[in-house]
Each structure stands twice: as C-alpha cells, then as structure tokens.
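# Survey of secondary and tertiary structure
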Amino acid sequence: MPNLESRADARDGTPAPSSCTGCAHFDRRGFLSAASLMSLGAFMAACGDGTIGGPTESPGIALTPLRVDPRLLPSLSGIGGRAMVTPVDGAPMVIERLSATQFRAFLLACPHKGTTVDVVGDGFLCPNHAARFSRDGIWLSGQETTDLVPVGVAMQADGTLIVGGLAAAPRPATLVLTTKAVAFVGSTTGADPAPQSVALTNSGDGTVAGLSVSLAYGVNQPAGWLTVQLNAVSAPAVVTLTAKRGAIAAGTYAATVTVSATGLDSQQVIATLIVQDPNSPQSLQLSSTAVSLSAVTGASPATQTVQVLNSGSGTIVGLAAVATYGAGATGWLSTSSLNATTAPAVLTLRAITTALAAGTYTATVQVSGTGVTSRTVAVTLVVGTPGLAVTIASFPSLANIGGVAGSVGMVNGGPVALARASATTFLAFSMRCTHAGTTVNTENFRNSGSAFHCPNHGALFDSAGVVLPSSPIRTTPLTQLKVTYTPGAAVLYIG
C-alpha cells in the first residue's frame, strides 16, 4: 500500500507491525487520546482485512471519544483531505475536512459483515463481498447493505476535534425571517419614513441558497411606493425595504414581499404604508392582524411583535390589549407587553406553554385606545411533543400518501423513518430490523413492493412496518414511534 503513514500502537505510540510496504512512520505527537492515524490524502487504496465471511465480531464506534489535532495531519490541511483514526476500543474511522471549520467522519466497517473497507478513488470498497460506497458513505453497488455509519465530529475552541459517537442527523435547512410584518408611517406634508431591514438566516444545517425576492401590491391600490433590495443570494442575508410616498394620498396601503429559496417553502413579509393626513382624526392601525406561534410542550416559543400605529392626526392615548381565548385552554398568552400607552407603540405577544398539552390553541387580542375604533389580532399557537422535529417539505416523498422517507433524524440513538398514511396522518418507525437489529433500507427492493428492506437477512416490510408475506425472514413489525402532527402544520414531532 503506497505512501501511507503506518499505524501506531494505540497504547504506547510505538510502531505496530504493518503489511504496507513503504509506509512512513507517524510518531506519537501525531495523535491524541489513544488513537492511531493514517494520512489518506494521496493514496488510492487502504489496507482492508480481506476476510471472506467477515470477522467474528464487528467492532463498533469507540466508546471513548477521541481528541484529534488536524493541524498535525498534513492530509487534513486542505479541503477534501482525509485521515484514518484507529481507536483502541472500536473500528477504524475516516475523517474528512469539508471546509475551514467543518469535518465529517465515517466508521470504516462495512455494515454487511463488519469488514474494514478500503478507500479507493473517490469512495470506499469492501474487500469481503465488494460492496461499494460513495465518498459520502452512501451504498452504491455490490453486496446489498446499508450506508456507512456517520460518526460525530465537533471542533473545539483550541482547534482540535472530538471524534466519536453517532453523528447527529442533519437538521433540514430552514429559512428564518426576523419579522413577518413591517410598517412605515409618513405624512402628506412630511418626509419619507426611514428604510427598514429584515434579516434572513438558516436555523438548520446545509445551505439556504438561491434567495430571491418578489413584490406584489394590494388589489386596487397604488403601486411603486416600495423598493426591495436583497444583499446576498444565500443566508445569512438582509432584505432592505424603502417606502417613498410620492403623490400617494392619505390612507393605509399594503404590499407583500415574497422571499424564496431553492427547495424551501417561500415566506412573506407584509409591508404597510400609513400616510397620515394632518387634518384627519386619529385612527388606530396594526401592522399585522394574524400571528402564528409554535413550540413543544414545556418550552415557550419566540415572541412576535405587532406595531400599533396612528393613521390620522393628533395623538392616540389610553392604549390597552385584552385577550380572549378559543376552546382548549385560557391564560396562555401574555399581552401585557405594550411598551407605551400612546401610539406609536409595540405589542409583544408571548405564549406561556408550560402547562399546555400538545395541540392547537387560538386567541384574539383586542387593541383599543381612547376615542378610536379597536383593532384585533388573531393568534394561533401549535404545541408539539418534545422529540425529533421534522420539516415535512424537506422530504419530497412525503408529499404523497404512501410515501416513505428514511433517516429523517435520530430517536433513542437510532435512525428513524417516516411514512405518510393519509392526508392528515403519518407513521414513524425505528429503522432497526426487529430480527437482528440491522438498519433497514427504505428503497423498493427489486420491485418487491416493500417500503423497507433489511440488507442482513432480507426481511421485507410494508409502509406500515408490517412484515410482507413475500419476506424470506419472519419477524415482528418495525417498532413504531409516537407522532404528533397538526393537520396543515409544516412540522411534525417524533418521540
């Protein structure tokens, strides 16, 4: 095996016997936390064990996390570089640099029989039964099996890596806006209002890319008074909104700014322009008349704000807010956060969910002032159960009844699959086969009609997790997990 740094004994750092001709010695300073390391930057094939039939016992992920300093490994100096780590109490792992601060790792044990896989070209090959995997660890061809097991990697403040444990399931990329409503107040005789900004961020993993904005004005309302500028095409980004009254008469006007991103649901910002007439009476206006909140049981959602404005002349005083509740529960909404008793003011809506069970709750907040017509805000609160939160739109197969998505996240230390049972219901399953614990695949296995296939002994399951009559192995149904879902919601909860 050409140009490889040899393995060192994990206990004392001395060189271990190697079958690799020409392997260069890698001394004790090149590894930490009782691990041996191999540079994989320039080689085409690593030393697989070549065992036919697989090892007697398949080593798993090391019980003790390893601390590795990537600065001591030349192969990890550049993006795409890889190095192998062999802990005392587990199977070899490969670490790959993805960016200046991001790394990933995989267990180099073939899921079929536990044989150590070779690194070949831009992927991995098992020398036992020729299972082939992509650089991302995805099974491609050869012996039917599952993907390589991802291992957790966390970069520390000192630049070292903690490697070990199952990698957390990636959270779907999620576009987050700092506000869904902005309001501009001007006068028929005054200057234009100041611009306002909306920050766009990503609260998940991956990338929110392909950002774009579009603008639409209210029906039968004047157009051209709002300009929208986006400063980047991927998150984080900022949308700047600028309102210019021009010759628009006194009144209240609305426009909708739609923010879109590749592969994600679009979101909207409602922009309101209030042009005051110094000669008209005061009039109460709100920047938003509907607010949606969501949280899991025991945790409160983020607050949302509504601007309370005066679209006329004079001053509105005596501002107050009172909530009335729909069926289910009362007292869960704090409306005491009006920051002033005269307009303009800001109403902060805060949900207190500590005592609430999972479900959907509604309330109406009435905002009043002395001598003016009151306005209302409709508030909807969705409370889910703690557990794995899954954004449905992130898995296109779930758009159709009978659709199945595998590895949507981790529950109880194992991967989870979702199946859409109807327009309003979902089923969740542990992906561990109930026969021998192997992780099942979600692909249709040779057109068998199965939703799940175990690569170990071939067990077949339908989308309800039940063993099919055609399954070569008889076992119990897949373990079902609790799903909390409110019809129409974008997110469901598992566990």
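Residues numbered from 1 in each chain as written. Predicted model: local features only at pLDDT ≥ 70, side-chain atom pairs only at ≥ 80, totals over all residues. Heavy atoms only, no water.

### Details of the packing of aromatic side chains
Stated formally: The rule is short: rings of Phe, Tyr and Trp, with Trp giving its six-membered ring, pair when the centres are within 6.5 Å, and they are stacked under 30 degrees, edge-to-face over 60, tilted in between. Here a strand is any run of E in DSSP of at least two residues, a helix any run of H or I of at least four, and the numbering for each starts at the N terminus. In this scheme, a residue with accessible area under 20% of its type's maximum is buried, one over 50% is exposed, and one in between is partly exposed, where area comes from a 1.4 Å probe on protein chains only.
Applying the stated criterion across every chain, the model contains five aromatic pairs. Measuring from ring centre to ring centre gives 5.0 Å for F426 and Y485, while their planes differ by 80°; the resulting arrangement is edge-to-face. Separated by 59 residues along the polypeptide, F426 in strand β31 (residues 426-430) and Y485 in the loop between β35 (483-484) and β36 (491-494) bring together distant segments of the chain. Judged on exposure class, the residue F426 and its partner Y485 are both buried. A connected cluster of aromatic rings, assembled from ring pairs, spans Y325, W332 and Y361.

### Digging into the pairing of strand β27 (residues 375-384)
Which entries qualify depends on this criterion: Strand pairing is defined by DSSP finding a minimum of two bridges between the two strands.
Two strands pair when backbone bridges link them, and strand β21 (residues 290-296) and β27 are joined in this way by seven bridges, in the parallel orientation. Looking across to β27, one finds that L293 is bridged to L381. Across nine bridges, the pairing between strand β26 (residues 359-368) and β27 is antiparallel. The residue bridging G359 from the neighbouring strand is V383, located in β27.

### Examining unusual backbone geometry
Cis geometry is found at the peptide bond from A235 to P236, where omega equals 5°. Mapped onto the fold, P236 is located in the loop between β16 (226-230) and β17 (237-243). Here the residue pair A343 and P344 is connected by a cis peptide bond, since its omega of 5° sits within 30 degrees of zero. By the element assignment, P344 lies in the loop between β24 (333-338) and β25 (345-351). Of note, the phi angle at S407 is positive, near 50°, even though the residue is not glycine. In this structure, S407 sits in strand β29 (residues 404-411). Under the relative-accessibility criterion, S407 is labelled partly exposed at 47%.

### A look at the pattern of salt bridges
Formally: Any carboxyl oxygen of Asp or Glu within 4 Å of a side-chain nitrogen of Lys or Arg constitutes a salt bridge here.
Per the counting criterion, the structure on display carries six salt bridges. Measuring nitrogen to oxygen at the nearest pair gives 2.9 Å for the salt bridge that ties R71 to D69. For D69, a relative accessible area of 14% corresponds to the buried category. Several salt bridges share partner residues, and in doing so they unite E96, R104, D122, R135 and D136 into one network.

### A closer look at the confidence of the model for the protein chain
Filter applied, for reference: The pLDDT value tells you how sure the predictor is about a given residue, anywhere from 0 up to 100. It only takes one pair of heavy atoms within 4.5 Å for two residues to be counted as in contact.
Per-residue confidence for the protein chain gives a mean pLDDT of 79, with 82% of residues at or over 70. Counting contacts from residues 1-58, a segment whose pLDDT is below 50, to residues more than four positions away or on other chains yields 128 contacts.

### Re the environment of G312
Along the chain, G312 falls in the loop between β22 (304-310) and β23 (320-325). Residue G312 is classed as buried on the basis of its relative accessible area of 2%. Sequence spacing of G312 and D277 is 35 residues, and the spatial spacing of their C-alpha atoms is 5.7 Å. If we skip the residues at most four places from it in the chain, G312 touches Q276, D277, S280, P281, Q282 and S283.

### Let's talk about the sheet that holds strand β9 (residues 139-141)
Basically, it comes down to this: To obtain each axis, a line is fitted to C-alpha atoms, and for helices this fit is confined to the stretch in contact; angles are then taken between N-to-C directions over 0 to 180 degrees.
A sheet is described by the order of its strands in space; here four strands give the open sequence β6-β7-β8-β9, paired in antiparallel fashion. Taken across any chain shown, the strands that pair with only one partner, and hence form the sheet edges, are β6 (118-120) and β9. Neighbouring strand axes in the sheet, compared pairwise and without regard to direction, differ in orientation by 35° on average. Judged from the three bridges that link them, β6 and strand β7 (residues 123-125) form a sheet pairing that is antiparallel.

### Some details on the sheet that holds strand β34 (residues 480-481)
With respect to topology, four strands assemble into an open sheet ordered β29-β30-β31-β34, the strand pairing being antiparallel. What marks the edges here is a single partner per strand, and that holds for β29 and β34. In terms of strand pairing, β31 meets β34 through two bridges, oriented antiparallel. Counted as the bridge partner of A428 is L481 from β34.

### Quick look at the environment of G437
Tracing the chain through its elements places G437 in the loop between β31 and β32 (452-453). Linking G437 and C454, residues 17 residues apart in sequence, is a C-alpha distance of 9.2 Å.

### Some thoughts on the nonpolar core
Rule in force here: Residue types Ala, Val, Leu, Ile, Met, Phe, Trp, Tyr and Cys, when buried and joined through side-chain atoms within 4.5 Å, form a set referred to as a nonpolar core.
The biggest cluster of nonpolar side chains holds 29 residues, and the ones touching the most others in it are V308, W332, L333, L347, L349 and V365. For this core, the elements supplying multiple residues, two or more each, are β20 (284-286), β21, β22, β23, β24, β25, β26 and β27. Counting 26 residues, the second largest nonpolar core, distinct from the first, contains L175, V182, V269 and V275.

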